[in-house]
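One letter stands for each residue in the lines below.
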Amino acid sequence: MYARKKRRMMAEINVVPYIDVMLVLLVIFMVTTPLITQGVKVELPKSAAEPIEQMTEGKTPLVATVDEAGLYYFEKDGVQQGPFNAQQLQVEVASWLTIEPGTQVIVKGDGRVDYNSVIRLINVLKQAGASAVGLMTDNEV
């Protein structure tokens, strides 16, 4: 009679479903990433000032913001935190400056905010341990 051939087991993995899942995940991340980045909307004052050089190599500056409502925020390594009151901001900034001493601190004050609010923010940053505070502006058009 006829001799039957035994079928060998197939040892290959079908990767097509995994590729489909990865493409779906890629699309999901591409759509949601722009939604994750948030920030405080401020209208920076215009200036023809030259950009400052970073004081320390490799360290990103700590950016403290005061908005039109007088609320304080800060941003480090692209992560925005807040809103804070003056004491909370002082504690948060002091903890960052303890971890990374010598970090450059920049004030990003809304152009519609009164001068007193920006000075108050600078004083809070100085009390938190900032050795020097810079002011951020937009380019003059």
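A quick note: this is a predicted structure, and the numbers were derived from the prediction, not measured.

Turning our eyes to something else, we now look at the sheet that holds strand 3 (residues 72-76). Strands sit in the order 4-3-2-5-6 across an open sheet of five strands; the sheet is mixed. Two strands lie at the open edges of the sheet, namely strand 4 (79-84) and strand 6 (133-135), each paired on one side alone. When the angles between neighbouring strand axes are averaged without regard to direction, this sheet yields 25°. Pairing of strand 5 (residues 105-109) with strand 6, which is carried by three bridges, proceeds in the parallel orientation. Bridge pairing in strand 6 links Ile106 to Gly134. Taken strand by strand, helix 3 (residues 115-128) contacts strand 2 (62-66), strand 3, strand 5 and strand 6, and its axis lies near 145° from that of strand 2.

Quick look at the packing of helix 2 (residues 86-99) against helix 3 now. Put simply, helix 2 and helix 3 touch, their axes get as near as 8 Å, and they point 40° apart. Regarding the angle of helix 2 to helix 3, the classification is oblique. For the crossing formed where helix 2 meets helix 3, the hand is right-handed. Residues Ala86, Leu89, Gln90, Val93, Ala94 and Leu97 of helix 2 lie in contact with helix 3, whose contacting residues are Leu121, Val124, Leu125, Gln127 and Ala128.

What counts, and at which threshold
- Residues numbered from 1 in each chain as written.
- Predicted model: local features only at pLDDT ≥ 70, side-chain atom pairs only at ≥ 80, totals over all residues.
- Heavy atoms only, no water.
- Pairing = 2+ DSSP bridges.
- Helix = DSSP H or I, 4+ residues; strand = E, 2+ residues; numbered from the N terminus.
- Axes fitted to C-alpha atoms, helices over the stretch in contact; angles between N-to-C directions.
- Contact = heavy atoms within 4.5 Å.
- Parallel < 35°, antiparallel > 145°, perpendicular 65-115°, else oblique.
- Left-handed = near helix turned anticlockwise from the far one by under 90°.

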